[in-house]
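Residue-level structure breakdown
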Amino acid sequence: MKSEIQKCLDGEFFNTSDPEIRGIIHSARKLAKTYNQTDSTDSAEREKILTALLGKIGNNVNIDTPFYCDYGRHIAIGNNVIININCTFVDCNKIEIGNNVLIASNVQIYTATHPVNTPERLVADWHEDSDLPYFRTYALPVKIEDNVWIGGGVIILPGVTIGKNSVIGAGSVVTRSIPENSVAVGNPCRVIRKINNETTGI
């Protein structure tokens, strides 16, 4: 029988009240709180905490504070990555960030979601003594490929992949995957032009 965490990673309905999952979340909250209280100049301590918190972290990664996440262990970050102030990663499922990625302040990445239809979203005849929550949840992975720049205040929704070299304009809500070499903006986020990546000399 699958564990609830495996159901979560497989994109199936899972029990958010499961003791193993709650334990992972509480541990991540504790580590994130400690990280957010560290001095920005204490690089050794900050690296130590992030190594314990995240599933994978590459070289030359800077995550500014405050930083918030749900599980921590489902976040994988490549090399040369900046994550600016006040970002929130709800990593029930995997969040993969490639190399040379710039993520501006107040970016939110969500993997968890719920059914749109009310009878699917809410558990019929639910009662407070139940071991299950009154709602159903599933989660889909998010992937940000190499050389991507995410503008300030962007919201990335479950199941989205942002292709390599792409730029997401500030304030966008990314509801669908964005192909590589694109500039995309808006709510919902749409491609407005392609990037040729020729050197401009600027």
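Structure: above.
Being a predicted model, the structure only gives us computed values, none of them experimental.

Assignment of secondary structure puts D91 in the loop between β6 (87–90) and β7 (95–97). Although D91 is buried, it forms no salt bridge, and the closest oppositely charged side chain is R29 at an N-O distance of 6.9 Å. Within polar-contact distance, the side chain of D91 engages the backbone nitrogen of G72 at 2.6 Å. Residues contacting D91, with those up to four places away along its chain left out, are C69, D70, Y71, G72, R73, H74, I75 and T111.

The strand order β2-β5-β8-β13-β16-β18-β19 describes an open sheet built from seven strands, whose pairing is mixed. Because the sheet does not close on itself, it has two edges, and the strands there are β2 (61–63) and β19 (190–194). In terms of strand pairing, strand β16 (residues 167–168) meets strand β18 (residues 182–185) through two bridges, oriented parallel. Within β18, the residue paired with I168 across the bridge is A184.

As for its placement among the helices and strands, S3 is situated in the segment before α1 (4–9). Looking at S3, the relative accessible area reads 32%, which means it is partly exposed. A C-alpha to C-alpha distance of 9.6 Å links S3 and N15, two positions twelve residues apart in sequence. A distance of 3.2 Å separates the side chain of S3 from the backbone nitrogen of Q6, its partner in a polar contact.

So, on to helix α2 (residues 19–36). Spanning 18 residues, α2 covers 26 Å between terminal C-alpha atoms, matching the ideal 26 Å at 1.5 Å per step. On its buried face, α2 is in contact with α1, α3 (43–53), β2 and β3 (67–69). Regarding α2, its N-cap is D18, as a side-chain oxygen of that residue lies 3.1 Å from the backbone nitrogen of E20 further along.

Here is what the cut-offs are and how they apply
- Residues numbered from 1 in each chain as written.
- Predicted model: local features only at pLDDT ≥ 70, side-chain atom pairs only at ≥ 80, totals over all residues.
- Heavy atoms only, no water.
- Helix = DSSP H or I, 4+ residues; strand = E, 2+ residues; numbered from the N terminus.
- Buried < 20%, exposed > 50% of the residue type's maximum accessible area, 1.4 Å probe, protein only.
- Lys, Arg positive; Asp, Glu negative; His and termini not counted.
- Salt bridge = Lys/Arg side-chain N within 4 Å of Asp/Glu carboxyl O.
- Polar contact = N/O pair within 3.5 Å; in protein donor to acceptor, adjacent residues only side chain to side chain.
- Contact = heavy atoms within 4.5 Å.
- Pairing = 2+ DSSP bridges.
- Expected span 1.5 Å × (residues − 1).

All quantities given are derived from atomic positions and should not be read as evidence of function.
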